Amino acid sequence: MLISRSDRGLIADWWFSVDKVLLGCVLVLMASGVLFSMAASPPVAARLGLDNFHFFTRQLVFLVPAAVVLVLTSLLSPSQARRVCMLTFIAGLAAMLLAIFIGPEIKGAHRWLDLGPINVQPSEFAKPAFVVAAAWFLAEGIRRPDMPGLWISFAMFAALAGLLVKQPDFGQLVLMAAVFATLLLVHGISWIWIFGLAGLAGGGAVVAFLTFPHVASRVNRFLDPEKHDTFQVDAATQAFNNGGLMGTGPGGGTAKHILPDAHTDFIPAVIGEEFGFIASAILICIIGFIVLRVLLRAMRVTDPFAVLSLTGLVSLYGFQSFINLGVNLTLLPAKGMTLPFISYGGSSLIAMAFSMGLLLAFSRVRVRSNAFHSQVGGMALKAA
């Protein structure tokens, strides 16, 4: 062992305080994503006239900066993480606005910025940054009742939601609304607020259904599949059926040859077909284990800012995973959303590494003051 407990350096402090089990799970998922990309992406690349291993190679290349971001972010102190996330959120909103006006149109949406050799989706980085920034203002509202932390967090969410609608990206909007609702519940709001916000969300969903044809089409296909085109979800369902318990073996599946998004949104179907139910179940168990471990860690943390940040960040990861898996299993309407660390995508991979790095950083928080105990107790009573 090259690092001893007597060392007082930054690396030694990180090594002995970081959640190694959580870190190991994240690294396993990152490595698995490259493996599954190699299995799922060649037919997609061939259909696009690219080298068969184009997406696999790029995913492997993106893995290096993602690992660096993961480790460097996990080294941050809570105050440093807060400052980084505030700057990232502001920059992310500006980049999202820029993408709306000058970004390329892909499938009817303006969500990307073309930076030459790579395309960047700014909203992926704005999501975890928003969670931490909103958590800070909510926690400050607890610590300083004279500060309108709740209203500031609402304003931040409104800015993010407005840009997501403008792109448009309703899947990400639903995801962030669920994450923000989780933050508010943990923070502690009255039932009047809860019912009022639920009604507002329901009204927004109705307006989206009536206003945007692609939203209505996806909902109608989900509610009445016999009368609408459900090719992708039907192919995904058939892939799971073909895979059985052990799978057809790497390269033996058919779904990746017909699904246009086999390497991104529908990669769980490829995994289920070629690696089988057991591999899929292990993957889902790892995802669930990460969520439960972080929530249990959040229950032991005494700083309200860290509690809110941990809960919000793991909710972001958990809800996004649930949406992707739900679509693949026909439990939810079709929506283009990646499975974190597993689906192909540089922006998604690096941004999720940033998010998990923040989780690791906040899980290292130690008890600093008994003054927070009463605040957390009050927060828990409000949430209850």
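The following refers to the structure shown. These numbers come from a predicted model, not from an experiment.

### A word on the overall build of the protein chain
So, step 1. Summing up its helical and strand segments, the protein chain has 16 helices and two strands in all.
So, step 2. For a compact globule of 384 residues, the expected C-alpha radius of gyration is about 21 Å, and the protein chain comes in at 21 Å, within 12% of that figure.
So, step 3. Reported as C-alpha extents along the three principal axes, the dimensions of the protein chain are approximately 60 × 60 × 40 Å.
So, step 4. For the protein chain, the residues scored as buried account for 50% of the 384 residues in total.
So, step 5. Sequence separation of 24 or more characterises 73% of the internal contacts of the protein chain that already satisfy a separation of 6 or more.
So, step 6. When the accessible area of the protein chain is evaluated, it comes to approximately 17,600 Å², of which 70% is carbon and sulfur surface.
So, step 7. Side chains of the protein chain give 25 positive and 19 negative charges; the mean places of these two sets differ by 11 Å.

### Side note on helix α11 (residues 231–243)
So, step 1. Here α11 is 13 residues long and its end C-alpha atoms lie 18 Å apart, about the 18 Å a rise of 1.5 Å per residue gives.
So, step 2. Three or more residues of α11 are buried, namely V233, A235, A236, A239 and G243. One face of α11 carries all of its buried residues, which in axial projection span an arc of 160°.
So, step 3. Of the surrounding secondary structure, the elements contacted by the buried residues of α11 are α12 (255–258), α13 (267–300) and α14 (304–328).

### Here we look at the side chain of S17
So, step 1. Within the secondary structure layout, S17 lies in helix α1 (residues 10–17).
So, step 2. Accessibility expressed as a relative area gives 12% for S17, which makes it buried.
So, step 3. One polar contact links S17 to R364, side chain to side chain, over a distance of 2.7 Å.

### Remarks on the pattern of salt bridges
So, step 1. Taken as a whole, this structure holds eight salt bridges when the rule is applied.
So, step 2. When the shortest N-O distance is used, the salt bridge between D19 and R293 registers 2.8 Å. Residue D19 is located in the loop between α1 and α2 (20–40), and its partner R293 is located in helix α13; the two are separated by 274 residues in the primary sequence.
So, step 3. By relative accessible area, which is 5% here, D19 ends up buried.
So, step 4. The class of R293 is partly exposed, set by a relative accessible area of 26%.

### Some words on the side chain of T182
So, step 1. Position of T182 relative to the elements: it lies in helix α8 (residues 170–187).
So, step 2. Sequence-distant contacts of T182, that is, excluding residues within four places in its chain, are made with T311, S315 and F319.

### Things to note about the packing of aromatic side chains
So, step 1. Evaluated as defined, the whole model comprises 12 aromatic pairs.
So, step 2. Ring pairing ties together the aromatic residues F89, F130, W151, F154, F157 and F180, which thus form one cluster.
So, step 3. Its guanidinium or amino end placed over the ring of W15, K20 lies 4.9 Å from that ring's centre, counting from NZ or CZ.

### Considerations on the environment of V307
So, step 1. Position of V307 among the secondary structure elements: in helix α14.
So, step 2. When the C-alpha atoms of V307 and G336 are compared, they prove to be 30 Å apart, with 29 residues separating the residues in sequence.

Rules behind the numbers
- Residues numbered from 1 in each chain as written.
- Predicted model: local features only at pLDDT ≥ 70, side-chain atom pairs only at ≥ 80, totals over all residues.
- Heavy atoms only, no water.
- Helix = DSSP H or I, 4+ residues; strand = E, 2+ residues; numbered from the N terminus.
- Rg over C-alpha atoms; globule rule 2.2 N^0.38 Å.
- Buried < 20%, exposed > 50% of the residue type's maximum accessible area, 1.4 Å probe, protein only.
- Contact = heavy atoms within 4.5 Å.
- Areas by Shrake-Rupley, 256 points an atom, 1.4 Å probe, with all protein chains shown as cover.
- Lys, Arg positive; Asp, Glu negative; His and termini not counted.
- Charge placed at Lys NZ, Arg CZ, Asp CG, Glu CD.
- Expected span 1.5 Å × (residues − 1).
- Arc of directions from axis to C-beta.
- Polar contact = N/O pair within 3.5 Å; in protein donor to acceptor, adjacent residues only side chain to side chain.
- Salt bridge = Lys/Arg side-chain N within 4 Å of Asp/Glu carboxyl O.
- Phe/Tyr/Trp six-rings, centres within 6.5 Å; stacked < 30°, edge-to-face > 60°.
- Lys NZ or Arg CZ within 6 Å of the ring centre and 35° of its normal.

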